[in-house]
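Observations on the three-dimensional arrangement
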Amino acid sequence: MTEQWTIGEFSRITHLSIRTLRRYHEQDLLVPAQVDPATGYRYYTPTQIRPALTIKRLRELDLPLASLRSFLQAESGDAGGEDRHAAQQIVATHLRRLEDRLGRTQRAVQALRELLDPQAERTVSLEVLPPQRVLAVSLDVPPGSDLSWYDSAMHDLDTAAGRRPVLPPGGRYEHALFTDGHGRATVYVPAEAPLPPGAPATVKPLQLPQRTAAVATHCGPHDDLDLTYAALGSFAAHRGLRSQDLVEEIYLIGPRDTDQPDHWRTLVAWLIDPDTCSTP
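As the structure is a computational prediction, the values presented were derived from the model and not from experiment.

**What to know about the overall build of the protein chain**
Regarding its fold elements, the protein chain presents eight helices and eleven strands. Taking 19 Å as the expected radius of gyration for a compact globule of 280 residues, we find that the protein chain reaches 29 Å, considerably beyond that expectation. Within the protein chain, the proportion of its 280 residues that are buried is 38%. For the protein chain, the proportion of contacts with a sequence separation of at least 24, taken over those separated by at least 6, is 70%. Taken as a whole, the protein chain presents about 16900 Å² of accessible surface, with 52% of it coming from carbon and sulfur. For the protein chain, the separation between the mean place of its 29 positive charges and that of its 36 negative charges on side chains is 4 Å.

Right, here's the structure in full:
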């Protein structure tokens, strides 16, 4: 006969409390091998040890119940490799979410440490950006938009440019895009050649003028880009520099160049009225 253990014995073996095992049963995650119809006593077998401990780990990792049930169903399927692959994908997807969350938490901690350090200060300088010919997509970003508008604009620009520009792409954004959640945006790639025939209708040639700006280079992911913006805004305000209500970002090194966010470099230029300052 197959060896069976009472719920108390199984609890001692797995270090799962009796209350937890009962909850797993009630949630249909780990059904006992046998339940005595007269007494209601639960009995478990040795083959249930690994599933029990796997469920424990996945619940510790906050895998949602629905995903956990899908995982268990795939694990117990009869289709062999196909089911096992499906089960592994469920866990792999959740682990990626956890890694992303951990990364965001770590970056938030770093940003908080900087905010709590009265000596921490981001380097800002007053600079003049030279004129530049670009191909650009300009649009009004509606309220509640995600970043799909940026991806679409870059797709059209890449199509028009034909090949990867030597100089990095950039964008010009109204401050209202950040303060109100909607506003005017212009995404561009440097291009000396004229607009080629057959380019997407959204793409237009544009001559960026010489512009004066408070400038800082943001290092790493954009989670703490607000700290760089704060440094730029403070720099301008303390010196009585009047904002043009535009900010320009130049993606010196970004997702198009590397999949390692720690290596990203973004030049952020807070455009200001040159009449309010003495340019260097």
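Back to the text.
**Overview of the sheet that holds strand β3 (residues 42–44)**
The antiparallel open sheet is built from three strands, whose spatial order is β1-β3-β2. The sheet is open, and its two edges are formed by β1 (5–6) and β2 (34–35), each paired on a single side. Across two bridges, the pairing between β2 and β3 is antiparallel. What sits directly across from Val 35, in β3, is Arg 42.

**Re the sheet that holds strand β4 (residues 125–129)**
The strands making up a sheet associate through hydrogen bonds between their backbones, and the pairing can be parallel or antiparallel. In space, the eight strands of this open sheet follow the order β4-β9-β11-β10-β6-β7-β5-β8, with antiparallel pairing throughout. Every other strand in the sheet has two partners, leaving β4 and β8 (203–208) as the edge strands with one partner each. Within the sheet, the average angular offset between the axes of one strand and its neighbour, ignoring direction, is 35°. By the bridge criterion, seven bridges tie strand β9 (residues 211–219) to strand β11 (residues 265–272) in an arrangement that is antiparallel. Across the sheet, Thr 217 pairs through a bridge with Leu 267, a residue of β11.

**With respect to the side chain of Glu 248**
With respect to the element layout, Glu 248 can be found in strand β10 (residues 243–253). The exposure class assigned to Glu 248 is buried, which follows from its relative accessible area of 1%. In terms of polar contacts, Glu 248 uses its side chain to reach the side chain of Arg 172, at 3.0 Å. Setting aside its immediate chain neighbours within four residues, Glu 248 contacts Gly 171, Arg 172, Tyr 188, Leu 208, Arg 211, Leu 267, Val 268, Ala 269 and Leu 271.

**Section: the packing of helix α3 (residues 49–60) against helix α4 (residues 65–75)**
α4 packs onto α3 with a crossing angle of 150° between their chain directions and a minimal axis gap of 11 Å. With respect to their mutual orientation, α3 and α4 come out roughly antiparallel. The crossing of α3 and α4 is right-handed. Contacts between α3 and α4 involve Thr 54, Ile 55, Leu 58 and Arg 59 from the former and Leu 65, Leu 68, Phe 71 and Leu 72 from the latter. Residue composition of the contact of α3 with α4, grouped by class: six nonpolar, one polar and one charged.

**Structural notes on the nonpolar core**
The biggest cluster of nonpolar side chains holds 34 residues, and the ones touching the most others in it are Trp 149, Leu 157 and Tyr 173. Of all hydrophobic cores here, the second largest spans 19 residues; its members include Ala 52, Ile 55, Leu 68 and Phe 71.

**A word on the side chain of Gln 48**
Mapping Gln 48 onto the fold places it in the loop between β3 and α3. Among the polar contacts made by the side chain of Gln 48, one reaches the main-chain carbonyl oxygen of Val 31 at a distance of 2.8 Å. When neighbours within four sequence positions are excluded, Gln 48 is seen to be in contact with Phe 10, Leu 30, Val 31, Pro 32, Ala 33 and Tyr 43.

**Digging into the UniProt feature "domain: HTH merR-type" (unreviewed entry) in the protein chain**
When the UniProt feature table is mapped onto this chain, "domain: HTH merR-type" (unreviewed entry) is found at residues 4–74. Along residues 4–74 one finds 55% helix and 10% strand; the C-alpha atoms at either end are 25 Å apart.

**Description of the packing of aromatic side chains**
In the structure shown here, the tally under the stated rule is eight aromatic pairs. Where Trp 149 meets Tyr 173, the ring centres are 6.3 Å apart and the plane angle is 75°; that geometry is what we call edge-to-face. With Trp 149 in helix α6 (residues 148–161) and Tyr 173 in strand β6 (residues 170–174), the pair connects residues that are 24 residues apart, well separated along the chain. Take Trp 149: its relative accessible area is 14%, and that puts it in the buried class. When the centroid spacing of 6.5 Å and the interplanar angle of 65° are considered together, the rings of Tyr 229 and Trp 270 count as edge-to-face. Here Tyr 229 is found in helix α8 (residues 225–238), whereas its partner Trp 270 is found in strand β11, with 41 residues between them in sequence. Here Arg 239 stacks its cationic end above the ring of Phe 235, 3.7 Å away from the centre of that ring.

Cut-offs applied
Residues numbered from 1 in each chain as written. Predicted model: local features only at pLDDT ≥ 70, side-chain atom pairs only at ≥ 80, totals over all residues. Heavy atoms only, no water. Helix = DSSP H or I, 4+ residues; strand = E, 2+ residues; numbered from the N terminus. Rg over C-alpha atoms; globule rule 2.2 N^0.38 Å. Buried < 20%, exposed > 50% of the residue type's maximum accessible area, 1.4 Å probe, protein only. Contact = heavy atoms within 4.5 Å. Areas by Shrake-Rupley, 256 points an atom, 1.4 Å probe, with all protein chains shown as cover. Lys, Arg positive; Asp, Glu negative; His and termini not counted. Charge placed at Lys NZ, Arg CZ, Asp CG, Glu CD. Pairing = 2+ DSSP bridges. Axes fitted to C-alpha atoms, helices over the stretch in contact; angles between N-to-C directions. Polar contact = N/O pair within 3.5 Å; in protein donor to acceptor, adjacent residues only side chain to side chain. Parallel < 35°, antiparallel > 145°, perpendicular 65-115°, else oblique. Left-handed = near helix turned anticlockwise from the far one by under 90°. Nonpolar A, V, L, I, M, F, W, Y, C, P; charged D, E, K, R; others polar. Core = buried A, V, L, I, M, F, W, Y, C linked by side-chain atoms within 4.5 Å. UniProt positions renumbered as here; feature names shortened; annotations may be inferred. Phe/Tyr/Trp six-rings, centres within 6.5 Å; stacked < 30°, edge-to-face > 60°. Lys NZ or Arg CZ within 6 Å of the ring centre and 35° of its normal.

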